[in-house]
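Here is how the chains run, residue by residue.
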Amino acid sequence: MTQMRLVVVGAGGRMGRTLIRAIIEAPDLALAGAIEPAGSELIGRDAGELVGLPALGLAVSEDALEAFAAAEGVIDFTVPAASVAFAALAAQARIVHVIGTTGFSQEDEAKIEAASRHAAIVKSGNMSLGVNLLSALVKRVARTLDEGFDIEIVEMHHNRKIDAPSGTALLLGQAAAEGRGVSLAENGVFERHGHTGARKAGDIGFATLRGGTVVGDHNVIFAGTGERIELGHRAESREIFARGALAAARWARGRKPELYSMVDVLGLADF
Ligand SMILES: NC(=O)C1=CN([C@@H]2O[C@H](COP(=O)(O)OP(=O)(O)OC[C@H]3O[C@@H](n4cnc5c(N)ncnc54)[C@H](OP(=O)(O)O)[C@@H]3O)[C@@H](O)[C@H]2O)C=CC1
Ligand SMILES: O=C(O)C1=N[C@H](C(=O)O)C[C@H](O)C1
C-alpha cells in the first residue's frame, strides 16, 4: 500500500510536534502538511526542523484547504473552534479526520456529527490504548456495583491545560454512567464548594488538579462501605496519544463516512 499522506493541524503545539515526529519516523506515513493559525510566528518554518529533525522541505503553512486537498487524512489536536472548522474542511475534501481535541460544547459536537456524514472521523478524548482499556474496565465494574459504591473521578494535568474536567475524565464518567445504566448529564457533579450537604447516592463526582508538567493522570474510585476499588492510568509521555491517533488514521483509511471512536479502532466494543 502507498504511504498515507497526513496533515498535522496545530503543528507547533505539544501534541502537534509529537505527531510530526511520529509521522516522520513511520515508514507507512508521509507528512503532507503542517498547519498553524494565520499570524503564527511558525509559518514558513521547516516542519522537520520545527521538531528538531533534519529539514523536510515542507514549510509550516496557514492554508489548511490547500493542504487537505493533497492529503488522505488530518490529525487534529487543537482547540474546539478550530476542530469544528477543520471538520467542515475535511468533509469537503472527503478525507479522514482524527480529532483528539477536548473541551467541546454540545453545539460543537453536533457540527462534528454533521461533518461525519461526508468523511470518516475518529474522535476520542484519549487516544491511548491504556485509557480505552481502562474505560472498558470502568464500565464493567460499574455494571456490577450498585449505588452502595460512590463513583469519583480524579484527574491531574500540567499547568498549561485549558479545559476541565479533562476529556478523559468525561470519557471515564460516561463509561461509568453507561455501566450503571444512568445518564452522566443527570448524575455528574463537577463542582463542590462551601456547604454542599452530604453526597447524594448515585452522584458521579469529578475532581480536577492542575500543576507542573503532568502529562495526564486519571483515577476512578468506587468507594463502598469499608472498602474501595481504584482503577487508574498514568500517561508517562505524549507519544502514547500520537501512537493511538496514527493507528486511528490507518484504521479509518477507506472506511465509510461515520463518527467513530477509539473503542471502534481498538475493537473494544464487546470487551
Ligand atoms: N485525545 C487525546 O488523546 C489527547 C488530547 N489532547 C487535547 O489536544 C488539544 C491540544 O493539546 P496540546 O497539544 O497540549 O495543546 P497546545 O496548546 O500545545 O497546542 C494546540 C495547538 O493548536 C494550535 N491552534 C489553535 N487554533 C488553531 C487554528 N485555528 N489552526 C491551526 N492551529 C491552531 C495552537 O496554535 P497557537 O499556539 O499558535 O495558537 C497550538 O499550536 C487539547 O484539547 C488537549 O486536551 C491532548 C493530548 C492527548
Ligand atoms: O491536555 C492534555 O494534555 C490532555 N488532554 C486530554 C484530556 O483532556 O483528557 C488527554 C490527555 O489526558 C492529555
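Residues numbered from 1 in each chain as written. Chains lettered and ligands numbered in written order. Predicted model: local features only at pLDDT ≥ 70, side-chain atom pairs only at ≥ 80, totals over all residues. Heavy atoms only, no water.

1. Points about the sheet that holds strand S5 (residues 120-123)
Step number 1: Reading across the sheet, the six strands line up as S2-S1-S3-S4-S5-S11 and stay open at both edges, with parallel pairing between neighbours. The two strands at the open ends of the sheet, each matched to only one other strand, are strand S2 (29-35) and strand S11 (258-260). Neighbour-to-neighbour, the strand axes of the sheet open up by a mean angle of 20°, direction not taken into account.
Step number 2: As judged from the three bridges shared by strand S4 (residues 96-99) and S5, these two strands associate in the parallel manner. Counted as the bridge partner of Val 98 is Val 122 from S5.
Step number 3: Sheet strands in contact with helix H4 (residues 80-93) are strand S1 (4-9), strand S3 (73-76) and S4, and its direction is about 165° off that of S4. (Pairing = 2+ DSSP bridges. Helix = DSSP H or I, 4+ residues; strand = E, 2+ residues; numbered from the N terminus. Axes fitted to C-alpha atoms, helices over the stretch in contact; angles between N-to-C directions. Contact = heavy atoms within 4.5 Å.)

2. As for the site of ligand 1
Step number 1: In the region of ligand 1, 22 residues are neighbours, and Arg 14, Met 15, Glu 36, Thr 102 and Met 127 sit closest.
Step number 2: Glu 36 has a polar side-chain atom sitting 2.9 Å from an oxygen atom of ligand 1.
Step number 3: Separating a nitrogen atom of ligand 1 from a backbone N or O atom of Ser 124 is a distance of 3.0 Å.
Step number 4: Relative to its unbound accessible surface of 930 Å², ligand 1 loses 74% to contact with the protein.
Step number 5: Of all the secondary structure elements, the ones that give two or more residues to the shell around ligand 1 are helix H1 (14-25) and H4. (Near = heavy atom within 4 Å. Polar contact = N/O pair within 3.5 Å; in protein donor to acceptor, adjacent residues only side chain to side chain. Areas by Shrake-Rupley, 256 points an atom, 1.4 Å probe, with all protein chains shown as cover.)

3. Observations regarding the pattern of salt bridges
Step number 1: Evaluated as defined, the whole model comprises 13 salt bridges.
Step number 2: For Arg 228, the salt bridge identified is with Glu 230, shortest N-O distance 3.3 Å.
Step number 3: With a relative accessible area of 59%, Arg 228 lands in the exposed category.
Step number 4: A relative accessible area of 42% places Glu 230 in the partly exposed class.
Step number 5: With a shortest N-O distance of 2.3 Å, Glu 258 and Lys 256 are connected by a salt bridge.
Step number 6: Residue Glu 258 is classed as partly exposed on the basis of its relative accessible area of 32%.
Step number 7: For Lys 256, a relative accessible area of 53% gives the class exposed.
Step number 8: Residues joined by salt bridges that share partners form a network here, namely Asp 150, Glu 152, Arg 192 and Arg 199. (Salt bridge = Lys/Arg side-chain N within 4 Å of Asp/Glu carboxyl O. Buried < 20%, exposed > 50% of the residue type's maximum accessible area, 1.4 Å probe, protein only.)

4. What about the domain arrangement of the protein?
Step number 1: Under the domain assignment used here, the protein contains domain 1 (4-123 + 238-266) and domain 2 (129-235).
Step number 2: Opposite the ten residues of domain 1 that make contact, domain 2 presents eleven residues.
Step number 3: Both faces combined, the contact of domain 1 with domain 2 buries some 800 Å², and carbon together with sulfur accounts for 64% of it.
Step number 4: At the boundary of domain 1 with domain 2, the tally comes to zero salt bridges.
Step number 5: Put simply, domain 1 and domain 2 have one residue pair in polar contact (both at pLDDT 80 or more) between them. (Domains from an automatic or database assignment. Buried area = accessible area lost by both parts, 1.4 Å probe.)

5. Digging into the nonpolar core
Step number 1: One finds Leu 6, Leu 19, Ile 20, Ile 75, Phe 77, Val 98 and Val 122 to be the most contacted residues of the largest nonpolar core, which totals 37 residues.
Step number 2: No other element matches the eight residues that helix H9 (residues 239-252) contributes to this core.
Step number 3: Among residues more than four places away in sequence, those in contact with Leu 6 are Ile 23, Leu 29, Ala 30, Leu 31, Ala 32, Gly 33, Gly 73, Ile 75, Leu 246 and Ala 249. (Core = buried A, V, L, I, M, F, W, Y, C linked by side-chain atoms within 4.5 Å.)

6. Thoughts on the pairing of strand S9 (residues 216-223)
Step number 1: In terms of burial, S9 is largely enclosed, as six of its eight residues are buried.
Step number 2: Relative to strand S10 (residues 228-235), S9 runs antiparallel, the two sharing eight bridges. If you follow His 218 over to S10, its bridge partner there is His 233.
Step number 3: Linking S9 back to S10 in an antiparallel pair, the connection comprises four residues, with Gly 226 at a positive phi of about 80°.

7. Quick word on the site of ligand 2
Step number 1: Surveying the vicinity of ligand 2 reveals the residues Thr 102, Gly 125, Asn 126, His 157, His 158, Lys 161, Ser 166, Gly 167, Thr 168, Val 215, His 218 and Phe 241.
Step number 2: The side chain of His 157 places a nitrogen or oxygen atom 2.6 Å from an oxygen atom of ligand 2.
Step number 3: About the coverage of ligand 2: the protein hides 85% of its 320 Å² of free accessible area.
Step number 4: Partitioned by chemical class, the residues of the shell around ligand 2 number two nonpolar, nine polar and one charged. (Nonpolar A, V, L, I, M, F, W, Y, C, P; charged D, E, K, R; others polar.)

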